[in-house]
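Examination of the molecular architecture
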Amino acid sequence: MNVTHSAMTAIKTIPLAALALVMIFTVADATAQCRTFTKKRCLPALEDYVQNDNYNTAVLIPGDEAELELTFFGDRAYRLLVCGHPVLGDLTFQVLDSRGNGIYDSSDKEKDHFDFRVANTQQMTIRVQVPPKEAVIQHEGCVSIMVGSKG
Amino acid sequence: MPARRQKAFKQIFHAVPSPIETAMLLERSGIRFDSGALHTLDNAAGYTTTELQSVNLGIYAGDLSYSVIFNQNQQSVDYLNTCRRLCDGLGVGDIINAGLIARADNNRDIRDSLVDIVTDTFYSLNARFRENGMEEVSGLMAAGGWIEGVYLGTRSLNTSTDDLKLRIAEQKMTLENLMGLLRSYAPTPALKGMMEALTPVEAAFAGVTITENAAAASAAEDGMVVISGGPEVQYDQATLDAISETIAAVRNQYAK
């Protein structure tokens, strides 16, 4: 009985462990793919702006949101770039001041970036939405929030 | 690729200004290059724990960025080499490899190329740390870079410009970003130790008053959008002195 029980436990445990391993490698693989995607598809769009070296990239699905709070320094020019895999559709983003008031909304613009200069140093929040989709199988893709500066 | 989850969620990112960005701010604020303030290169060999390697990688990244921005060409390559040594210890030595060092050496007289090399390298490091679940290393490196930037900016406060003093006071906001980043990771003894070490620095920055005002966007003559308004920052010399003293203490605690 014990042997049978142990065997059953092993049968259950091995697939679970294998599944866990597959998940770990799949997640790591997806993250590595995001890095490649970001370098090839997003970074060039920063053009002559010096990129911030933070890695603000994640694998998202339709309906997800992402948020980044960052300090922007006075008298400096910035390019804020929101870059997503085409499978996710058209991403939208807003820039909010430190009190939560909207400063910029990409919803009515066909641009994936926002160029601006900050008169006084301030913290701002960037909020990104992946459009929801009515589908049985949802697809995932990389989303990257990139910030470059100059001047 | 079909999604591994079906329920939507909110991804929160935490970020701090990069050491290159901080070095650029220091340069524009009229600070003079002070090689005596930089961390000793030879000390890198003595850092054998992940904690010290990670924090000092950030500190040396701060010195590397400062050297690059101030056109200290040979010093820049030397600091990049030192970062390589620490990356080897952290298991990510392939990112700062011999080819990258040679490229930096060949471009040592072209500041923009060196800036690109440094930002690209540390972006790759941050990405690798994320991929490998090395959040502790990532957080400690970010903290080290932030600490070194403020340390370098506060070495000659008595003779510094008002612009530099304001820039230092404004670091209260980036310290909030940094603490948010550190708190977002699973607490390890090293991360908790860093947050505790930064407590006196936070207390010193409490002397900086930030009055929140609404910001507004408008178009400038050159077509660029300008975001004006926002917070008003007030500080006094005693507060800056306290920041200078506490940041030196935490920096020297790790850069020993």
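One can find the structure itself at the top, above this paragraph.
Right, let's walk through the structure included here.

Calculation notes
- Residues numbered from 1 in each chain as written.
- Chains lettered and ligands numbered in written order.
- Predicted model: local features only at pLDDT ≥ 70, side-chain atom pairs only at ≥ 80, totals over all residues.
- Heavy atoms only, no water.
- 1 Å grid on protein atoms, 1.4 Å probe; cavity = no way out; pocket = protein on both sides within 12 Å on 5 of 7 lines; lining within 4 Å.
- Points joined across faces, edges and corners; volume = space filled by probe spheres on them.
- Helix = DSSP H or I, 4+ residues; strand = E, 2+ residues; numbered from the N terminus.
- Nonpolar A, V, L, I, M, F, W, Y, C, P; charged D, E, K, R; others polar.
- Contact = heavy atoms within 4.5 Å.
- Buried area = accessible area lost by both parts, 1.4 Å probe.
- Salt bridge = Lys/Arg side-chain N within 4 Å of Asp/Glu carboxyl O.
- Polar contact = N/O pair within 3.5 Å; in protein donor to acceptor, adjacent residues only side chain to side chain.
- Pairing = 2+ DSSP bridges.
- Phe/Tyr/Trp six-rings, centres within 6.5 Å; stacked < 30°, edge-to-face > 60°.
- Buried < 20%, exposed > 50% of the residue type's maximum accessible area, 1.4 Å probe, protein only.

Residues and elements named next belong to chain B. In total, this model carries two cavities of 30 Å³ or more according to the counting rule given. Taken as a whole, the largest cavity encloses approximately 50 Å³ of empty space. In terms of lining, the largest cavity is formed by Thr22, Leu25, Leu26, Gly149, Val150, Arg167, Ile168 and Gln171. Of all the secondary structure elements, the ones that give two or more residues to the lining of the largest cavity are α1 (19-28), α6 (135-153) and α7 (162-184). Looking at side-chain class alone, the lining of the largest cavity contains four nonpolar, three polar and one charged residues. Roughly 40 Å³ of internal volume is contained in the second largest cavity. What lines the second largest cavity is Pro19, Thr22, Ala23, Leu26, Gly62, Tyr66, Gly145, Gly149 and Leu152. Considering each element in turn, the lining of the second largest cavity owes the most residues, four residues, to α1.

When the parts of a complex come together, some accessible area is lost, and that lost area is often taken as the interface size. In this complex, chain A contributes 66 residues to the contact, which on the side of chain B involves 57 residues. A buried area of about 5400 Å², summed over both sides, lies between chain A and chain B, and 53% of it is on carbon and sulfur atoms. Considering only the surface of chain A that becomes buried against chain B, Asp53(A), Phe73(A) and Arg117(A) emerge as the three largest contributors, covering 13% of it. Put simply, chain A and chain B have six salt bridges between them. In this structure, Arg117(A) and Asp222(B) form a salt bridge, with 3.3 Å as the shortest nitrogen-oxygen distance. Viewed at the interface, chain B and chain A are joined by 29 residue pairs in polar contact (both at pLDDT 80 or more).

Residues and elements named next belong to chain A. With three bridges connecting them, strand β5 (residues 92-96) and strand β6 (residues 102-105) associate as antiparallel partners. Bridge assignment links Val95 to a residue of β6, and that residue is Tyr104. Turn length for the β5-β6 hairpin, with the two strands adjacent in sequence and antiparallel, is five residues, and the turn residue Gly100 shows positive phi of about 90°.

Our focus in this paragraph is the packing of aromatic side chains. All chains considered together, the criterion is met by 12 aromatic pairs over all chains. Seen from their ring centres, Tyr104(A) and Phe114(A) are 3.8 Å apart, and the 10° between their planes marks the pair as stacked. Of this pair, Tyr104(A) sits in strand β6 while Phe114(A) sits in strand β7 (residues 113-118), and the two are 10 residues apart along the sequence. The class for Tyr104(A) is buried, based on a relative accessible area of 11%. Note on Phe33(B) and Phe70(B): the rings are 5.8 Å apart at their centroids and 40° apart in plane angle, and the pair reads as tilted. Taken as a pair, Phe33(B) in the loop between α1 and α2 (50-69) and Phe70(B) in the loop between α2 and α3 (73-90) lie far apart in primary sequence, 37 residues in all. Of the residues examined, Phe33(B) reaches a relative accessible area of 24% and is grouped as partly exposed.

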